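Given next are the chains, with one letter for each unit.
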Amino acid sequence: SYRISKSHEELVIPPTPCHAKTNVMFLKTHKAASSTVLNIMFRFAERYNLTVALPADQLFHLGYPRTFMAHFVEGFETIGQNYNIMCNHLRFNPSEVKRVMAANTFYFSILRNPVPLLESSYIYYKNNVPAFRSSKNVNEFLASPAKYYHPADYRENIYARNIMWFDFGYNNNAEDDVKYTQAVLEEIEQNFHLILIADYFDESMILLKHALCWDLDDVIYFKLNSRSQDTVQMLSPESEEQIKAWCSLDWKLYLHFNQSFWRRIEETIGLEVLEKEVDHLRTRQKELMETCLSEQEAVRKDHIRNRALLPFQSGAASILGYNLKQDLDNRTLRTCQKMVMPELQYTSYLYAVQHPHKKRKEVGLPWLWTSRQEE
């Protein structure tokens, strides 16, 4: 940026207007606010009429936890490299993703502090993960993880150790060796243009908006897939320290990219502008919540009136959703519905729009729109 003294004011060079990037790949990580990001990506895709690389057939993820292959994308054989947006869960595999996405694609992902991440994983995947299932609570599991975590179950246990490392395509049970971790961090830096931090979600959205040259309204969101406070377990201080050791690969990943996140903000936006824009985002979000929602907050599953907007429930977590106001005009209703639409419903809806001749993805819930004509 140009520093100027009073006498040289005419030398100020106006910022060049940039164009919104429309080829974007988001690596959706587990339990790191990524359902909210996915909703942002889907709404953006609809706004610009973009093609989304959606999971083939009845799947809701791109082959996860298998390593991603191009043919996991619906229509890849015919559509080829003409997808704009990719954001459903997958295990990252750069060479295969590059077969699907254009050469000028912007790649980003999001990380979360492994301490709250593991607690969240524990509650959400309690019934699916052997290591979690066989322990009473999260603190008992962390007191001696090796007692519950058996290498033979490594496929089912990925959520119990270094899940972010795994999502990025690496071995979550690898030895934490300095040379190895350094090489992985460098590789991730090569493959991704930006790594966001879920613990600073609003700041992340502002950074993303700048990096992609999007509008504020493109990154406005309602928090999706969060759970009620009463399903959060308190971690003991010992457990917190234990997580950093047990998930040391994720811990290193997080520390590294948390640092580069703040450095990036200072180099590109500056903290002052960041704070202003975060305020702006929150104000706009509040306005939208007042427009859309009958309660000013997320509600428990048994209080969600429209069953079509019920989020997927998992494990011991109670996943919250929203109720829309009753008397919205059609256009506002449509905007509001998209803001609160859970991941499975939205994926299914976009799939029906993009692949009208294919059998619909069964969400097991009523449909909001039965046909394209109702748009």
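Residues numbered from 1 in each chain as written. Predicted model: local features only at pLDDT ≥ 70, side-chain atom pairs only at ≥ 80, totals over all residues. Heavy atoms only, no water.

Summing up its helical and strand segments, the protein has 15 helices and four strands in all. In terms of overall dimensions, the protein is globule-like: its C-alpha atoms have a radius of gyration of 21 Å, near the 21 Å expected for 375 residues. Looking at the protein as a whole, 53% of its 375 residues qualify as buried. For the protein, the share of sequence-separated contacts (at least 6 apart) that also reach a separation of at least 24 residues comes to 71%. Element-wise, carbon and sulfur atoms account for 51% of the exposed surface of the protein, whose accessible area totals about 18200 Å². Across the protein, the mean location of the 43 positive side-chain charges is 4 Å away from that of the 46 negative side-chain charges. (Helix = DSSP H or I, 4+ residues; strand = E, 2+ residues; numbered from the N terminus. Rg over C-alpha atoms; globule rule 2.2 N^0.38 Å. Buried < 20%, exposed > 50% of the residue type's maximum accessible area, 1.4 Å probe, protein only. Contact = heavy atoms within 4.5 Å. Areas by Shrake-Rupley, 256 points an atom, 1.4 Å probe, with all protein chains shown as cover. Lys, Arg positive; Asp, Glu negative; His and termini not counted. Charge placed at Lys NZ, Arg CZ, Asp CG, Glu CD.)

What follows covers the packing of aromatic side chains. Note on aromatic pairs: each is described by the distance of the centres and the angle between the planes. A full pass over the atoms with the stated rule returns 27 aromatic pairs. Through a chain of ring-to-ring contacts, three or more aromatic side chains come together here, namely Tyr 122, Phe 132, Phe 141, Tyr 148, Tyr 149 and Trp 246. Sitting above the plane of the Phe 60 ring, Lys 361 keeps its charged end 5.8 Å from the centroid. Between Lys 361 and the ring centre of Tyr 351, over which it is positioned, the NZ or CZ distance is 4.0 Å. (Phe/Tyr/Trp six-rings, centres within 6.5 Å; stacked < 30°, edge-to-face > 60°. Lys NZ or Arg CZ within 6 Å of the ring centre and 35° of its normal.)

Per-residue confidence for the protein averages 92 on the pLDDT scale, and 93% of its residues sit at or above 70. Ignoring residues within four places in sequence, the model shows residues 369-375, a span with pLDDT below 50, making 15 contacts including any to other chains. (pLDDT = per-residue confidence, 0-100.)

Inspection of every chain in the model, using the stated rule, returns two disulfides. Note that Cys 292 is cross-linked by a disulfide to Cys 336, the S-S spacing being 2.0 Å. For the disulfide bridge between Cys 292 and Cys 336, the dihedral angle about the S-S bond is near -75°, and by the sign convention the bridge is left-handed. With Cys 292 in helix H13 (residues 271-292) and Cys 336 in helix H14 (residues 330-340), this pair connects stretches of sequence that are 44 residues apart. Each of the two residues, Cys 292 as well as Cys 336, counts as buried. For the protein, numbering the cysteines in disulfides from first to last along the sequence yields the connectivity 1-2, 3-4. Its sulfur unpaired, Cys 87 is 20 Å from the next cysteine sulfur, which belongs to Cys 213. (Disulfide = S-S within 2.5 Å.)

Judged by pairing direction, the sheet is parallel, and its four strands sit side by side in the order E2-E1-E3-E4 without closing on themselves. In the strand order of this sheet, the two ends are held by strand E2 (85-86) and strand E4 (194-197), each with one partner. Of the strand pairs in this sheet, strand E3 (residues 106-111) and E4 are connected by four bridges, and their pairing is parallel. Note on E4: the bridge partner recorded for Ser 109 is Ile 195. (Pairing = 2+ DSSP bridges.)

Take the side chain of Ser 121 next. Tracing the chain through its elements places Ser 121 in helix H4 (residues 114-124). Setting aside residues up to four positions removed in sequence, Ser 121 forms contacts with Lys 31, Lys 126, Phe 132 and Tyr 159.

Turning our eyes to something else, we now look at the layout of surface pockets. Roughly 820 Å³ of volume is contained in the second largest pocket. For the second largest pocket, the lining is made up of 31 residues, of which Arg 43, Glu 46, Arg 47, Thr 335 and Lys 338 are closest to its centre. Of all elements in the fold, only helix H1 (34-47), H13, H14 and helix H15 (343-354) reach the threshold of two or more residues within the lining of the second largest pocket. Class assignment for the residues of the lining of the second largest pocket results in 13 nonpolar, seven polar and 11 charged. (1 Å grid on protein atoms, 1.4 Å probe; cavity = no way out; pocket = protein on both sides within 12 Å on 5 of 7 lines; lining within 4 Å. Points joined across faces, edges and corners; volume = space filled by probe spheres on them. Nonpolar A, V, L, I, M, F, W, Y, C, P; charged D, E, K, R; others polar.)

On to the nonpolar core. The biggest cluster of nonpolar side chains holds 117 residues, and the ones touching the most others in it are Met 86, Val 100, Phe 108, Phe 141 and Met 205. Beyond its immediate sequence surroundings of up to four residues, Phe 141 is in contact with Leu 118, Tyr 122, Ala 131, Phe 132, Ser 135, Tyr 148, Ala 160 and Trp 246. (Core = buried A, V, L, I, M, F, W, Y, C linked by side-chain atoms within 4.5 Å.)

Turning next to the packing of helix H10 (residues 201-212) against H13. In the contact formed by H10 and H13, the axes pass within 9 Å of each other and the chain directions differ by 105°. Looking at the two axes, H10 sits roughly perpendicular to H13. Packed against H10, whose contacting residues are Asp 202, Glu 203, Met 205, Ile 206, Lys 209 and His 210, the element H13 presents Leu 274, Glu 277, Val 278, Leu 281 and Arg 282 at the interface. Across the contact of H10 with H13, the residue classes break down as five nonpolar, one polar and five charged. (Axes fitted to C-alpha atoms, helices over the stretch in contact; angles between N-to-C directions. Parallel < 35°, antiparallel > 145°, perpendicular 65-115°, else oblique.)

Turning our eyes to something else, we now look at empty space enclosed by the protein. Enumeration over the complete set of coordinates arrives at two cavities of 30 Å³ or more. Its boundaries defined by the atoms lining it, the second largest cavity holds a volume of some 50 Å³. Lining of the second largest cavity is provided by Pro 114, Leu 117, Leu 118, Ser 121, Tyr 159, Ala 160, Arg 161, Asn 162, Ile 163, Cys 247 and Asp 250. When residues in the lining of the second largest cavity are grouped by element, the largest group, four residues, is from H4. Class assignment for the residues of the lining of the second largest cavity results in seven nonpolar, two polar and two charged.

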